[in-house]
Amino acid sequence: MKFLFKGGRVIDPKNKRDERCDLLVDRGKIAQLGKNISSNGAQVIDAEGGWVVPGLIDMHVHFRQPGREDKETILSGSRAAVKGGFTSVLPMANTEPVVDNRGAVEFLLAEAKRVNLVNVFPVAAVTKALQGEELSEIGELADAGCVALSDDGKPIHNAKLMRHALEYASMFGLPIIAHEQDPTLFEGGVMHEGYTSAVLGLRGIPSVCESIMVARDIELVKFVGGKLHIAHVSHARSIELIREAKRHGLPITCETAPHYFSLTDQSVSRFDANFKMNPPLRSEEDVEAIKKALKDGTIDCIATDHAPHTEQEKDVEFDGAPFGIIGLESSLGLCLSLVHAGVLTPTELVTRMSLAPATLLGLPKGTLSVGADADITVIDPDAPWTVRSEEFESKSKNSPFVGWTLKGRAKLTMVGGRLVMRDGKITKSE
Amino acid sequence: MTQWTRKDLLALEELSEKEIRLVLETAYSFKEISARPIKKVPTLRGKTVVNLFFEPSTRTRVSFELAAKRLSADAMNIAVQDSSLSKGETLKDMARNIEAMKVDILVMRHPSPGSCHLLARSLKIAVVNAGDGSHEHPTQGLLDLMTIQEKKGKLEGLKVSIIGDILHSRVARSNLWGLVKLGAQVTLCGPKTLLPVACERLNARTTCDLEEAIEGADVLNILRVQLERQHGCLFPSIREYAQKFCVTPERLRKAKKDLLILHPGPMNRGVEIAPEVADGPHSVILDQVTHGIAVRMAVLFLVSQANSIRKERHEVSV
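Residues numbered from 1 in each chain as written. Chains lettered and ligands numbered in written order. Predicted model: local features only at pLDDT ≥ 70, side-chain atom pairs only at ≥ 80, totals over all residues.

Draft legend 1. The arrangement of the overall build of chain B in detail. Along the backbone of chain B there are 10 helices and nine strands. Here chain B has a C-alpha radius of gyration of 20 Å; the compact-globule value for 318 residues is 20 Å, and the two agree. Referenced to the eigenvectors of the C-alpha coordinate spread, the extents of chain B come out at roughly 65 × 45 × 40 Å. When contacts within chain B are restricted to residue pairs at least 6 apart in sequence, long-range pairs at least 24 apart make up 75% of them. (Helix = DSSP H or I, 4+ residues; strand = E, 2+ residues; numbered from the N terminus. Rg over C-alpha atoms; globule rule 2.2 N^0.38 Å. Contact = placed C-beta atoms within 7 Å.)

Here it is, written out as structure tokens:
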């Protein structure tokens, strides 16, 4: 099957391409780029006015399967992903049971193959059952096909264990994705510690509980090496530390999530648990630092931390609700607002959402080079649309952005040369 | 004249100065009822008030119950040992069941900040906050305002120091909003570990020095040290707390002669307040308790009236 994308603005940061041209897909691969390619039997896709970019990659999602299929499944999560323009996702290991053994990785891969919508790259647990006590069988997990290790949701408190995890994982070239949070400073907190928490009487999570662990892990990497990727950075001081570490050439990367540059702790003021996530929404100053770091590349990529929860779990007392919000279907719209506001160029946006995660994970993705897998997203950068709860493909609706009008969204998603989403409809052709 | 239009009373933070004054005026008009030989008026006859308490309380619960009964409402109390979530029923479901029994006003105390907001959003009946975690305790704030105003004749320009565990105190928050809106100058005083981090943005002076808080103050509102909320590392011991922060006669030597001492109760005598101070000439602690009933009568009356008007309007429009 051949597809010809006609007349779009092709943005491919890896090849420093940003120009209007046609793109031909043949047998699942990028076959040709250039002006006025003749269709020659290919299905023609009119990309006029749109951006043709390498498929978006979300390196931080929670698909809840196995264990909490009432919140999300590989199927519903994959549908949400392709609707949001994503062609590859990395589900975290904190399912029930935990992805800490070969069988669990194989289950994920088999289920993803059956669903056959989006590329699923499993993240396995650093420690057995996320207990933070003993290393998982990392070698076998690598053989089974995991691409990174993380105890996401449970920070690794034990510095000695973290040291050995970095050392051991480096034998297999796997990055450790760290949820940076000091559990003692965090204890019992439910929102950012600041003016709003003081007013609301909610227990605060101090910003330093993130940066202190970032500092520790930078020191560990300096000492033993290994690849460290810092998940969902929320705090300005963490960014300063990472910027400094990068300047010294340390192998450290990081991500942030769209809510950390779109909202502040002030929005918790109505006690709506759809604004409760971990790390928490922070201050105006943190938001500005995050935008600046996205611009200068200190923050390598944007990931959603898509964390589905049922309505009955979220619609309770604020301090009793679980942390987390869904993000796959609103991410691109929110990220495009950075482009519209002049914070990022289109090339920088595509780098943060596709090329950078592919590069830091060592995945053969994130580019439109001839011969590469035809993972392609077509973005309509200007179309206004409203986020509506009933339109989510995700099984869960826990988004703080419901009712927001965003500018720009994914128009088409192609995975491995198969058209999986077009104009909001999941198509899945062969 | 301002009219009360709110379905609920959730927090003093969201009330205007005029609304607060309206509650206080209404409370003054109800105060006299409790001084009569027959302490009952038919104002809320046929209405039902449920006091749903998820935390132990004597004073507030009894005060709400008496307020309801003196207005001829039927009052009943539900004491829940632990939060219903542990039994598998959500707070919302529990409250909806109470609403379905055609109750008119739900008075709730709950350990979670914002829990009354959650119910107010999902119920048609009136919700009155009787204390939601460390957030607010609006009727306590109102009765403190009433007590100060009655004794001093005004609130504008008064210097009020709130002393103790500001971080965990719903009383401090409700007092702060009420006092600031009515023109008083507030000082928050306590150990550094018990002052919220962004304290300086709360329209109040903050200090860790008790002498400074006492000097020049017209009113001291001394908070109860809540031992259950200290989580082990906020201050070393009750002994040291008392040494540094107990309001004693010696510490009051430099205080204004007409100083008022308030305490929301229950008191830890000898910890945050010396017995001689609690029982001394400055103390208006028992007046606070008396005013508590008047303020709660006013609140029950105002929300009930607003809801009747709302219902009538709805019927007319249907």
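Draft legend 2. Layout of the interface of chain A and chain B. Each partner contributes residues to the interface: chain A has 18 residues there, and chain B has 22 residues. No other element matches the four residues that helix α6 (residues 195-200) of chain A contributes to the side of chain A that touches chain B.

Draft legend 3. Fine view of the nonpolar core. Counting 118 residues, the largest nonpolar core has Leu23, Val52, Val123, Ala124, Leu149, Ile176 and Ile230 of chain A as its most contacted members. At eight residues, the largest contribution of residues to this core is made by helix α13 (residues 346-361) of chain A. Ignoring any residue separated from it by four or fewer positions in sequence, one finds Leu149 of chain A in contact with Val123, Ala124, Ala125, Val126, Ile138, Ala169, Leu174, Ile176 and Ile177 of chain A. Counting residues in hydrophobic clusters, the runner-up holds 109 residues, among them Ala73, Leu118, Val127 and Ala217 of chain B. (Core = buried A, V, L, I, M, F, W, Y, C linked by C-beta atoms within 7 Å. Buried ≥ 20, exposed ≤ 12 C-beta atoms within 10 Å, placed from the backbone.)

Draft legend 4. Inspection of the pairing of strand β5 (residues 159-163) of chain B at higher detail. All names here are of chain B. Of all five residues in β5, four are buried, a share of seventy percent or more. Note that β5 and strand β6 (residues 185-189) share five bridges and pair parallel. Across the sheet, residue Val160 finds its bridge partner in β6, namely Val186. Handedness of the β-α-β unit built from β5, helix α6 (residues 170-181) and β6 comes out right-handed. (Pairing = 2+ DSSP bridges. Right-handed = clockwise from strand over helix to strand, strands pointing away.)

Draft legend 5. Seen up close, the environment of Glu210 of chain A. Residue and element names in this part refer to chain A. You can see Glu210 is positioned in helix α7 (residues 208-224). Take Glu210: there are 29 C-beta atoms within 10 Å of it, and that puts it in the buried class. In the structure, Glu210 is positioned 192 residues away from Asp18 in sequence and 37 Å away in space, judged by C-alpha atoms.

Draft legend 6. Layout of the confidence of the model for chain B. Mean pLDDT over chain B works out to 94, with 96% of the residues at or above the 70 mark. For this predicted complex, the interface confidence reaches an ipTM of 0.94, while the overall pTM sits at 0.95. (pLDDT = per-residue confidence, 0-100.)

Draft legend 7. Structural view of unusual backbone geometry. Residue and element names in this part refer to chain A. Backbone torsion omega between Gln65 and Pro66 reads 5°, so that peptide bond is classified as cis. Residue position: Pro66 is located in the loop between β6 (56-61) and α1 (74-83). Residue Pro97 is reached from Glu96 by a cis peptide bond, and omega for that bond is 0°. When you line up the elements, Pro97 lands in the loop between β7 (86-91) and α2 (102-115). Even without glycine at this site, Lys16 takes up a positive phi of about 50°. Positionally, Lys16 belongs in the loop between β1 (2-12) and β2 (17-26). Residue Lys16 is classed as exposed on the basis of its C-beta count, with 7 C-beta atoms lying within 10 Å. In this model, Arg64 sits at a positive phi of 65°, which is unusual for a non-glycine residue.

Draft legend 8. Inspection of α7 of chain A at higher detail. Between its terminal C-alpha atoms α7 of chain A stretches 24 Å, which fits the 24 Å expected from 17 residues at 1.5 Å a residue. Positioned one or two residues after α7 of chain A, Gly225 of chain A has a phi angle of 80°, which is positive. (Expected span 1.5 Å × (residues − 1).)

Draft legend 9. Structural detail: the packing of helix α1 (residues 17-31) of chain B against helix α5 (residues 138-152) of chain B. Residues and elements named next belong to chain B. Two elements in contact, α1 and α5, have axes separated by 10 Å at closest approach and are oriented at 70°. On the basis of their axis angle, the class for α1 and α5 is roughly perpendicular. Judged by the sense of rotation from one axis to the other, the crossing of α1 with α5 is right-handed. In this structure, α1 contributes Val23, Leu24 and Ala27 to the contact, and α5 contributes Leu142, Leu145, Met146 and Gln149. In terms of residue class, the contact of α1 with α5 is made up of six nonpolar, one polar and no charged. (Axes fitted to C-alpha atoms, helices over the stretch in contact; angles between N-to-C directions. Parallel < 35°, antiparallel > 145°, perpendicular 65-115°, else oblique. Left-handed = near helix turned anticlockwise from the far one by under 90°. Nonpolar A, V, L, I, M, F, W, Y, C, P; charged D, E, K, R; others polar.)

Draft legend 10. Structural detail: the sheet that holds strand β8 (residues 219-222) of chain B. All names here are of chain B. Reading across from one edge, β7-β6-β5-β8-β9 is the order of the five strands in this open sheet, with parallel pairing throughout. Looking along the sheet, the strands with just one partner apiece sit at the ends: β7 (205-207) and β9 (260-262). Taking each pair of neighbouring strands and ignoring which way they run, the sheet shows an average axis angle of 20°. Those strands touched by α5 are β8 and β9, and its axis lies near 165° from that of β9.

Draft legend 11. Expanded view of α1 of chain A. The element α1 of chain A is extensively covered by neighbouring structure, given that nine of its 10 residues are classed as buried. Turning to α1 of chain A, its buried residues are Ile74, Ser76, Gly77, Ser78, Arg79, Ala80, Ala81, Val82 and Lys83 of chain A.

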